[in-house]
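# Coordinate analysis (summary)
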Amino acid sequence: MEGTDPVNKKLAAALSGGAVLVVALSGCSSNKGTDPKLIAWAKTVCDAVPAQDAKIKAANEAISTTASDTTSSAATIQKTDSQAFQDMSDGYKALAAAISSAGAPPGVEDGAKRQQNVVTTLNSLSASYADLKKKVDALDTKNQAKFATGLQDVASQTTQLETQSKSGTAALNALEQGEVKDAIAEQASCKKVSSTTSTGASGPASTSTSSTAG
């Protein structure tokens, strides 16, 4: 749709990769002798990752697909973006809930504080995507000029998401230290997410999490 196409592409570009923040939960090495209780904790966390990671990635892809289609109507863009933001919000909320319910990693210094920082950041991301959904839902699809302007405002707010994604990555990296990283590295579910993300991740979150790859 002429007028909104460049804006929606900007929105898609800004969000692309922000969905793969959970790739930080992927240790690269594993040492034997890790505390069995910590292994159990890591399994609880990692088993919740693949489904939500897939949901978030699919939401990003939906926005990108619509953005690349110049024939997409304002109504189609609104519907697609709205559902995508809802899915992203739900995905991050579910991840936060999983890490929260797992509790602090056993035997880890400041484990409770590190865990809470991750939960807080993921819940913040969830709330931000929910807010974007509300703003997209309120756009006037019957007036192309107003819709394009409104979509531009939504796209401009993705800068905040980039900052939150970086904060989330930093919190995950702080949580994933020492034996926690070793325990996570042994989990097939986290390995799966890491391998599927490494082939096509881009954007702010994937760039900031690249240091976790090994």
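Residues numbered from 1 in each chain as written. Predicted model: local features only at pLDDT ≥ 70, side-chain atom pairs only at ≥ 80, totals over all residues. Heavy atoms only, no water.

## Brief notes about the overall build of the protein chain
Heads up, the condition is: A helix here means a DSSP run of H or I that spans at least four residues, while a strand means a run of E at least two residues long, and both kinds are numbered starting from the N terminus. Relative accessibility thresholds used throughout: buried, under 20% of the residue-type maximum; exposed, over 50%; partly exposed, between the two (1.4 Å probe, protein chains only). In what follows, a contact means two residues having at least one pair of non-hydrogen atoms within 4.5 Å. Per-residue and other accessible areas follow the Shrake-Rupley method at a 1.4 Å probe size, with only the shown protein chains counted as cover for residues.
Regarding its fold elements, the protein chain presents ten helices and zero strands. N-terminal to C-terminal, the α/β element order of the protein chain is α-α-α-α-α-α-α-α-α-α. Counting across all 214 residues of the protein chain, residues that qualify as buried make up 46%. For the protein chain, the proportion of contacts with a sequence separation of at least 24, taken over those separated by at least 6, is 87%. Carbon and sulfur atoms make up 51% of the accessible area of the protein chain, which totals about 9,600 Å².

## Let's talk about the state of the cysteines
The line we're drawing: Any two cysteine sulfur atoms lying within 2.5 Å of each other are counted as a disulfide.
Inspection of the entire model under this criterion finds one disulfide. Between the sulfur of C46 and that of C190 lies a disulfide, 2.1 Å long from S to S. Because the torsion about its S-S bond is -95°, the bridge between C46 and C190 counts as left-handed. Here C46, found in helix α2 (residues 36-46), pairs with C190, found in helix α9 (residues 188-197); they are 144 residues apart in sequence, far enough to count as distant.

## What to know about the packing of helix α3 (residues 49-68) against helix α4 (residues 74-102)
Convention followed: Structural elements are reduced to axes, namely lines fitted to C-alpha atoms, with helices fitted over the stretch in contact, and the angle between N-to-C directions of any two is expressed from 0 to 180 degrees. Put simply, angles under 35 degrees are roughly parallel, angles over 145 are roughly antiparallel, angles from 65 to 115 are roughly perpendicular, and the rest are oblique. Left-handed describes a crossing in which the near helix is turned anticlockwise from the far one by less than a right angle; the clockwise case is right-handed. Residue polarity is assigned by list, with Asp, Glu, Lys and Arg as charged and Ala, Val, Leu, Ile, Met, Phe, Trp, Tyr, Cys and Pro as nonpolar; anything else, Gly included, falls into the polar class.
In contact at an axis separation of 9 Å, α3 and α4 are set at 160° when each is read in the N-to-C sense. The angle between α3 and α4 places the two elements in the roughly antiparallel class. Note that α3 runs across α4; the crossing there is left-handed. In the contact of α3 with α4, the residues fall into twelve nonpolar, six polar and four charged.

## Thoughts on the nonpolar core
Applied cut-off: Joining through side-chain atoms within 4.5 Å is the link that ties buried Ala, Val, Leu, Ile, Met, Phe, Trp, Tyr and Cys residues into a set, and such a set is a nonpolar core.
In this structure, W41, F85, M88, Y92, V118, L122 and Y129 are the most contacted members of the largest nonpolar core, which totals 33 residues. Ignoring any residue separated from it by four or fewer positions in sequence, one finds V118 in contact with I99, A171, L172 and L175.

## Concerning the packing of helix α5 (residues 111-137) against helix α7 (residues 158-175)
At a closest axis distance of 9 Å, the pairing of α5 and α7 adopts a crossing angle of 160°. One element, α5, and the other, α7, form an angle in the roughly antiparallel class. In this structure, the crossing between α5 and α7 has a hand that is left-handed. Where α5 approaches α7, its residues G111, R114, Q115, N117, V118, T121, S124, L125, S128, Y129 and L132 are matched on the opposing element by Q160, L161, Q164, S165, S167, G168, A171, L172, A174 and L175. Each residue belonging to the contact of α5 with α7 can be placed in one class, and the counts come to nine nonpolar, eleven polar and one charged.

## Side note on the pattern of salt bridges
Let me state the cut-off plainly: A carboxyl oxygen of Asp or Glu within 4 Å of a side-chain nitrogen of Lys or Arg is what we treat as a salt bridge.
Tallying each qualifying case throughout the model produces four salt bridges. Here K43 and D47 are joined by a salt bridge, their closest N and O atoms 2.5 Å apart. Its relative accessible area of 43% is what places K43 among the partly exposed residues. Here K57 makes a salt bridge to D53, at a shortest N to O gap of 2.9 Å. Residue K57 and its partner D53 are located together in helix α3, separated by four residues, close to a single helical turn. Under the relative-accessibility criterion, D53 is labelled buried at 3%.

## Re the packing of aromatic side chains
Our working rule: Ring pairs shown here join Phe, Tyr and Trp side chains whose ring centres sit within 6.5 Å, with only the six-membered ring taken for Trp; geometry is labelled stacked below 30 degrees between planes, edge-to-face above 60, and tilted in between.
Applying the stated criterion across every chain, the model contains two aromatic pairs. Plain terms: the ring middles of Y92 and Y129 are 5.8 Å apart, the flat faces sit at 10° to each other, and that makes the pair stacked. Of this pair, Y92 sits in helix α4 while Y129 sits in helix α5, and the two are 37 residues apart along the sequence. For Y92, a relative accessible area of 0% translates into the label buried. With relative accessibility at 1%, the residue Y129 sits in the buried group. Every member of this aromatic cluster is reached through a ring pair, and the members are F85, Y92 and Y129.

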